[in-house]
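The lines below spell out each chain.
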Amino acid sequence: MISVIARSLLPQHHYGMAMDILSGDGARALMLAAQEPDPTSLAAATRLRKEFPAELAAAALTQVMLRRRAKAKTPLAGEMLWTAQGLEQATRWPVAVWRAEQFRAAGVTDVWDLGCGLGVDAMAMVQVGLRLTAVEADPATAAFATANLNLVGGGSVRVGLAEEAVVPDGAGVFLDPARRTARGRTWDVADFSPPWQLVESYLTSSHPCAVKLGPGLPKPLIPLGMGAAWVSVAGDAVEAMVSNLGEPGPRAVLFPQGATHPAVLTAGADPLEVGPVGAYIQEPDNAVVRAGLVAEASPGAWLLAPGVAYTSSDHPIAGPFTTNYRVLEALDYDLSTLKRWVKQHSVGRLEIKRRAIDIDPAVLRKQVKPKGEAAATWILARTSQGARAFVVERTEPQR
């Protein structure tokens, strides 16, 4: 039951739209809205308003639009209820299942999800067999999350603040603190909700605890002795997870395109030496770079320059943690040289990669004026001999 007091804390249109879609006519409105090829169009709104009140028609069309966007995040997207903010913050399904399995592997049977949002992580916890208690401060979000949890046999979400939850001894705790203000994303812990002090208290307590944070997590925020996993999906760094569930130290957790189980990289390699460019350049996955595990991902390689997350080698490096590029040509990092090369090779499609070079690839692409039928890839990087532009082609190591 959503309390009148809690409801009064919300903007009325937010609560109202949630209740519209959960009303008796909501299911039929969703069914008709799903038949619209473009739920954002005026024509779609006009058709639905002939059958339903304007508020319900708008809520149903919004749901269909969000469900279609959410398909990239979870296989249950087409049946779930969404908000725009909740979709942005929702965990990708393979990552949510992986996290739930981390709790189970640590011997946890009961987990409290404090600030569950729309419930993607909570759904994964139920699906792997954990007993779940979900708490959410926003009543409308809690109502949507309850409907979502019902898809996997979960229970109702409690409306309340994470700070006020009384978690039993031995129960696990999952937290995904909001890190957005009216000014945008923030790493000022004073703006976190629930408060960072609460997050730290659970991490350093006897409760098995995992905390979802953004991939740009400043490492000084990680409490001493915690594990920190940077997670990427199809090469896109999507989050960092700080936890006391396993060994301390950094990890890179990579889900290749379409994968349901990750490749995991842990610390333990000696620092890489610096050397001249070889036959190949490697681009480590962003999660590897953020975790500080470039050396672990690049056996037999060396750095192009200190602090530059490109490595080089005489042979391609096998494994999922780095992408290999064969070096075709090395150019001076000079605008006139680059423009001349593009013109001479009739390059019309130009991919530009760079690290530790202060240039916007989109600006440089305009400056070199690509025109023609050919395609090319450049890697711009600092080297021990100065900045260079390398003409490369992606390649896979022989297996």
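Residues numbered from 1 in each chain as written. Predicted model: local features only at pLDDT ≥ 70, side-chain atom pairs only at ≥ 80, totals over all residues. Heavy atoms only, no water.

1. Looking at the overall build of the protein
Logical step 1: Of the regular secondary structure elements, the protein holds 14 helices and 18 strands.
Logical step 2: The dimensions of the protein, computed from C-alpha atoms along their principal axes, are 70 × 55 × 40 Å.
Logical step 3: Counting every position in the protein, which comprises 399 residues, the buried fraction comes to 50%.
Logical step 4: Of all intrachain contacts in the protein linking residues separated by at least 6 positions in sequence, the fraction that spans at least 24 positions is 65%.
Logical step 5: Taken as a whole, the protein presents about 19,200 Å² of accessible surface, with 52% of it coming from carbon and sulfur. (Helix = DSSP H or I, 4+ residues; strand = E, 2+ residues; numbered from the N terminus. Buried < 20%, exposed > 50% of the residue type's maximum accessible area, 1.4 Å probe, protein only. Contact = heavy atoms within 4.5 Å. Areas by Shrake-Rupley, 256 points an atom, 1.4 Å probe, with all protein chains shown as cover.)

2. Comments concerning the environment of Ala 387
Logical step 1: By the element assignment, Ala 387 lies in strand β18 (residues 386-395).
Logical step 2: It is 14 Å that separates the C-alpha atoms of Ala 387 and Gly 307, two residues lying 80 residues apart in sequence.
Logical step 3: Setting aside residues up to four positions removed in sequence, Ala 387 forms contacts with Tyr 333, Ile 357, Ala 381 and Arg 382.

3. A short note on helix α4 (residues 42-49)
Logical step 1: Where α4 is concerned, the buried positions are Ala 44, Ala 45 and Leu 48. Along the long axis of α4, the arc covered by the buried residues comes to 100 degrees, so they all point the same way.
Logical step 2: Looking at the buried positions of α4, the neighbouring elements they touch are α3 (26-33) and α5 (54-70). (Arc of directions from axis to C-beta.)

4. Here we look at the packing of α3 against α5
Logical step 1: In contact at an axis separation of 9 Å, α3 and α5 are set at 55 degrees when each is read in the N-to-C sense. With respect to each other, α3 and α5 are oriented oblique. α3 and α5 meet at a crossing whose hand is right-handed. Of the residues in α5, those touching α3 at Gly 26, Ala 29, Leu 30 and Ala 33 are Leu 56, Ala 60, Leu 61, Gln 63, Val 64, Arg 67 and Arg 68.
Logical step 2: Its residues assigned to classes, the contact of α3 with α5 shows seven nonpolar, two polar and two charged. (Axes fitted to C-alpha atoms, helices over the stretch in contact; angles between N-to-C directions. Parallel < 35°, antiparallel > 145°, perpendicular 65-115°, else oblique. Left-handed = near helix turned anticlockwise from the far one by under 90°. Nonpolar A, V, L, I, M, F, W, Y, C, P; charged D, E, K, R; others polar.)

5. Comments concerning the packing of aromatic side chains
Logical step 1: Counting across every chain of the model gives two aromatic pairs.
Logical step 2: On the numbers, 5.7 Å between centres and 90 degrees between planes, the contact of Phe 192 with Trp 196 is edge-to-face. As far as the burial class goes, Phe 192 and Trp 196 line up, both buried.
Logical step 3: Across from the ring centre of Trp 230, 5.3 Å away, lies the NZ or CZ of Lys 219, which sits over that ring.
Logical step 4: Above the face of the Tyr 310 ring, Arg 355 is positioned so that its terminal group lies 5.2 Å from the ring centre. (Phe/Tyr/Trp six-rings, centres within 6.5 Å; stacked < 30°, edge-to-face > 60°. Lys NZ or Arg CZ within 6 Å of the ring centre and 35° of its normal.)

6. As for the nonpolar core
Logical step 1: Core analysis: the largest hydrophobic core is formed by 58 residues, its most contacted members being Ile 21, Trp 82, Trp 98 and Phe 103.
Logical step 2: Among the elements that line this core, the one with the most residues is α5, at eight residues.
Logical step 3: Apart from the residues within four sequence positions on either side, Ile 21 is in contact with Gly 26, Leu 30, Leu 56, Ala 59, Ala 60, Gln 63, Leu 81 and Phe 144. (Core = buried A, V, L, I, M, F, W, Y, C linked by side-chain atoms within 4.5 Å.)

7. Here we look at the sheet that holds strand β14 (residues 311-313)
Logical step 1: Spatial ordering of the open sheet is given by β13-β14-β12-β15-β18-β17-β16, a layout of seven strands whose pairing is mixed. Across the chains shown, the open sheet's two edge strands, defined by having one partner strand only, are β13 (302-303) and β16 (347-355).
Logical step 2: Two elements, β13 and β14, share two bridges in a ladder whose sense is antiparallel. Directly across from Leu 303, in β14, lies its bridge partner Thr 311.
Logical step 3: Across the face of the sheet, helix α14 (residues 361-368) comes into contact with β16 and β17 (374-383) while running at roughly 145 degrees to β16. (Pairing = 2+ DSSP bridges.)

8. Focus on the sheet that holds strand β7 (residues 209-213)
Logical step 1: Pairing is mixed across the open sheet formed by nine strands, whose spatial order is β3-β2-β1-β4-β7-β9-β8-β10-β11. Only two strands of the sheet have a single neighbouring strand rather than two, namely β3 (158-159) and β11 (263-266).
Logical step 2: Its contacts with the sheet put helix α10 (residues 196-203) on β1 (110-114), β4 (172-175), β7 and β9 (236-243), and the angle it makes with β7 is roughly 140 degrees.

9. A word on the pattern of salt bridges
Logical step 1: Under the defined criterion, the tally for this structure stands at eleven salt bridges.
Logical step 2: The salt bridge partner of Asp 236 is Arg 92, with a shortest N-O separation of 3.8 Å. Within this pair, whereas Asp 236 is found in strand β9, its partner Arg 92 is found in the loop between α6 (84-89) and α7 (93-105), the two being separated by 144 residues in sequence.
Logical step 3: Overall, Asp 236 belongs to the partly exposed group, its relative accessible area being 39%.
Logical step 4: The network of salt bridges with common partners includes Arg 99, Asp 121 and Glu 239. (Salt bridge = Lys/Arg side-chain N within 4 Å of Asp/Glu carboxyl O.)

Structural measurements only, silent on function.
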